[in-house]
Amino acid sequence: GDCHEGPGKAQGHMRYDLQADCGALPGDSSQRQHNTDALNAALERLQPGDSLVVTEGETFHLNGGVRPVKQLRDVTIVVDGTLFFSAPIREWPGQPHCAECPADAMAFPRARNVTFTSSRPGLVGTLDGGGPKWWGYPWIGYAVRGENRPYLFTVAEGRDVLFERILLKDAGFWTAKFYHADGLEIRDTAVVARRTMAHSHTLLDASAFNTDGLDVSGRNVWIHDVQIWNQDDCIAIKDSRDGYSENMLIERVNASGTGIAIGSISGTHVRNITIRDSYLDRTWKGIYLKFRGAGTMSDILIENVTMDAPEQWPIWIGPAQQSSPGASKSGVSSFDDLLVPICNANPCSLCWPVASSWVPDVATCNGVENGVFRNITLRDITINNPVYSPGVLLGDPRPGHGMQNVVFDGVRVRYTCDALPPWSETFSQLPTRVFDEGVLHLALTIVAGLLLLLVLPVGLCWRGGCCARWWRRSRRCEAPMGCSTGPQVVVGAATGVGLVLVLALAWALAGRYIADEVERMQETREWHTCSGVQSGVATGDTWPVPHCFEDRTTGRGEPERVTCGLSAGATAAVVLVSLAVAMAVVTALLVLRRQRRAWLPDAAGLVNLLPPKQPQSGLRACKEEGEADRPLRRSVFVQWFCSKPSPVPAVPGLPSAALHAARPAIRRRPSEVPMLAQQAEVEAMRIPSPRDRLSLDLRQPRRSEAASIQSLREAVLELRPSPRSSHSSAHSLDA
């Protein structure tokens, strides 16, 4: 398509609207290629002084590969709407020199005096890279695709470029790359790459790896007033083609990821860099200075930076901690081979130091040869409640290399009980809602697996007929005081599995939150590694002092011991654990109550005379008093909660119903068994005779054939003449 003159013509400058003037169709994903062609045509038409506007409030679906052929000069690109790169991976265009390598979503080579902005303050346009499809299933997608993913936005060899008031969302790989720049300002910009809405970097979130925020190289760069939440370097100062990245100021940054980084550097020099007045919230790393090869970092000032609850190393100065997928080492075991793709050191292993004892030949970390840190100053750095030690200082140990003239002035660790500011307050420009199809598919897969584990045994059981037998038996008690045990087994197993899951979840939460509370109460910490430092000085209220530094501190840096109450998460974990334990105890007591056998410690030595009292169902008892020998029709729910105690022992001259009638009183007063037994015998005389009960049972129309036959059998047995004389009943009971 082509763009015609828009209504914004003034003084020879054109203002093109992507929808009205260039024919782009918003809101229709089937028009991706049409919209991509329209945008490329609009960029080609721009002349010095022209501007292109992405229509406010509209979403335009695009393929990747937005790239003007000509050099843009003195133009403005206004993003008031959303450019959504929604093309499936199979339809994503490749690069000219590599068809299998995905092209950048947007690329602007050799831009001169170009502004990327929105039309007014407070209005933020969006570039959405559609990252979830590139991230795939958590960690599985990374194992499949690795780093073969597209950049969201790149400007190569730009001069005098301004980038402001734009949200960069969900890049497949690096978010924005400004390399070999000269004169670059980035302000009022936000970057986000999240897989969940957690206020931390969970394992699910971390699977969106390599989503760097703002990567810059060159000179004369100013980055300020930006917000970044991603899963890799928030801001990274990279190598420059001419050998130097220099004269950069980074300030007023709210970020969380692997921190504000310089590097990784190899074969070049970085100098005159200032990072100040920034806040890092639950970041993975904080201040991250790294070499992957020989080079020099000099004249670096980092001041007035606060970190709240950093989740790994607050300060890392040394080799780049990264892996080389596909690299391997010889002579490792088969178990090691599984860890090599992730743990291979390049130059420092991602698995160091955790897996150093498992795979010592792979999970290594050493100072980079000929990597020199010179004139590095960290001033007024506050680290609140770190999870790990303050950090790692690891340089080349050879004389004349490593770290030279490193100053820590007021680098302090603090343990406080202050609540962290809300996520929406710290990152007000970032979206609060997150939808990730990869995480959704994983959750559905887990749910389907759990349902399969539940349905499969039941299906096999039903196929084999045992469930059908349980169902039939559960409709009634087939013996006096007895019930089917099949449903009890099912309910018991389900309850046990549920309790195990609840306990596992409770202890997991307790381990996460309560352990953090215990950690923050510790009053002393040490730097994990301090090696290769040729000259280092700690001044001011620095605490703790690295053991390889000269200590010139005031001695007032050590924090006071603080005792914090449990946080909301820890409180919830304790409550959950308590409930789970209570449920387990109650369940155990109920099981013991149903299995136990009552005994009477009286002088007569009666043992196991009476069964335990049947639990009430809330509707009716499993066996009502006076109906002990007659089966009852009950629901499955009632049947499940009927225990199956031992049969009632036969007592000559005294029907079992008499014992059941006397049972409550006997349990209350075991010493009065003889008298109570006589009362029970009198009560038994009022029970209908077997002949009367037989006729009554046969008149019940709802009784099944099996139940009637059983009742008939019992009645006939009771009608047989007893060989014992009636006057021996009391004597037998006395004995």
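In this convention, every chain numbers its residues from 1, walking through the sequence in written order. In keeping with the model being predicted, local features are shown solely for residues with a pLDDT of at least 70 and side-chain atom pairs are shown and tallied solely at 80 or more, while totals for entire chains, interfaces and linings include all residues. Excluded from the side-chain calculation are hydrogens and water; included are all heavy atoms of the structure.

A. Summary view of helix H1 (residues 32-45). Helix and strand assignments follow DSSP, with helices taken as H or I runs no shorter than four residues and strands as E runs no shorter than two, numbered in order from the N terminus. A helix is expected to span 1.5 Å multiplied by its residue count minus one. With 14 residues, H1 should cover 20 Å at 1.5 Å per step; its first-to-last C-alpha distance of 20 Å lies within 8% of that length. We call a residue buried when its accessible area falls under 20% of the maximum for its residue type, exposed when it is over 50%, and partly exposed in between, using a 1.4 Å probe and counting protein chains only. For H1, every residue scored as buried is listed here: Arg-32, Asn-35, Thr-36, Ala-38, Leu-39, Asn-40, Ala-41, Ala-42 and Leu-43.

B. Representation of the pattern of salt bridges within the structure. We define a salt bridge as a side-chain nitrogen of Lys or Arg found within 4 Å of a carboxyl oxygen belonging to Asp or Glu. Counted under the stated rule, the structure contains 22 salt bridges. Among the charged side chains, a network of salt bridges with common partners joins Glu-164, Arg-165, Glu-185 and Arg-187.

C. Highlighting the packing of aromatic side chains. By convention, a stacked pair of Phe, Tyr or Trp rings (six-membered ring in the case of Trp) has centres within 6.5 Å and planes under 30 degrees apart, an edge-to-face pair has planes over 60 apart, and any other such pair is tilted. Taken as a whole, this structure holds 24 aromatic pairs when the rule is applied. Ring centres of Tyr-142 and Phe-209 lie 6.1 Å apart, and the angle between their planes is 80°; this geometry places the pair in the edge-to-face category. Taken together, the residues Tyr-142 in helix H3 (residues 140-145) and Phe-209 in the loop between helix H4 (203-206) and strand E16 (214-229) connect sequence positions 67 residues apart. For Tyr-142, a relative accessible area of 17% translates into the label buried. By relative accessible area, which is 22% here, Phe-209 ends up partly exposed. When the centroid spacing of 5.6 Å and the interplanar angle of 40° are considered together, the rings of Phe-408 and Trp-527 count as tilted. Of this pair, Phe-408 sits in strand E26 (residues 402-414) while Trp-527 sits in the loop between helix H9 (486-520) and strand E27 (529-531), and the two are 119 residues apart along the sequence. Classification of Trp-527 by relative accessible area gives buried; the value is 5%. Ring pairs connect the aromatic residues Phe-108, Phe-116, Phe-153, Phe-163 and Phe-178, which therefore count as one cluster. Distance and angle both matter: a charge sits over a ring if NZ of Lys or CZ of Arg is within 6 Å of the ring centre and within 35 degrees of the ring normal. Positioned above the aromatic ring of Tyr-179 is the side chain of Lys-177, whose terminal nitrogen or guanidinium carbon lies 4.4 Å from the ring centre. One Lys or Arg, Lys-285, reaches over the ring of Tyr-288 and ends 5.0 Å from the middle of that ring.

D. Layout of the pairing of strand E14 (residues 176-187). The buried count for E14 comes to nine of 12 residues, which makes it a mostly enclosed element. As paired elements, strand E11 (residues 153-156) and E14 share four bridges and run parallel to each other. Counterpart to Thr-154 in the pairing with E14 is Lys-177. With five bridges connecting them, strand E12 (residues 159-164) and E14 associate as parallel partners. Residue Glu-164 lies in a different strand from E14, and its bridge partner there is Arg-187. Two strands pair when backbone bridges link them, and E14 and E16 are joined in this way by nine bridges, in the parallel orientation. A pair of strands is labelled paired if DSSP reports no fewer than 2 bridges between them.

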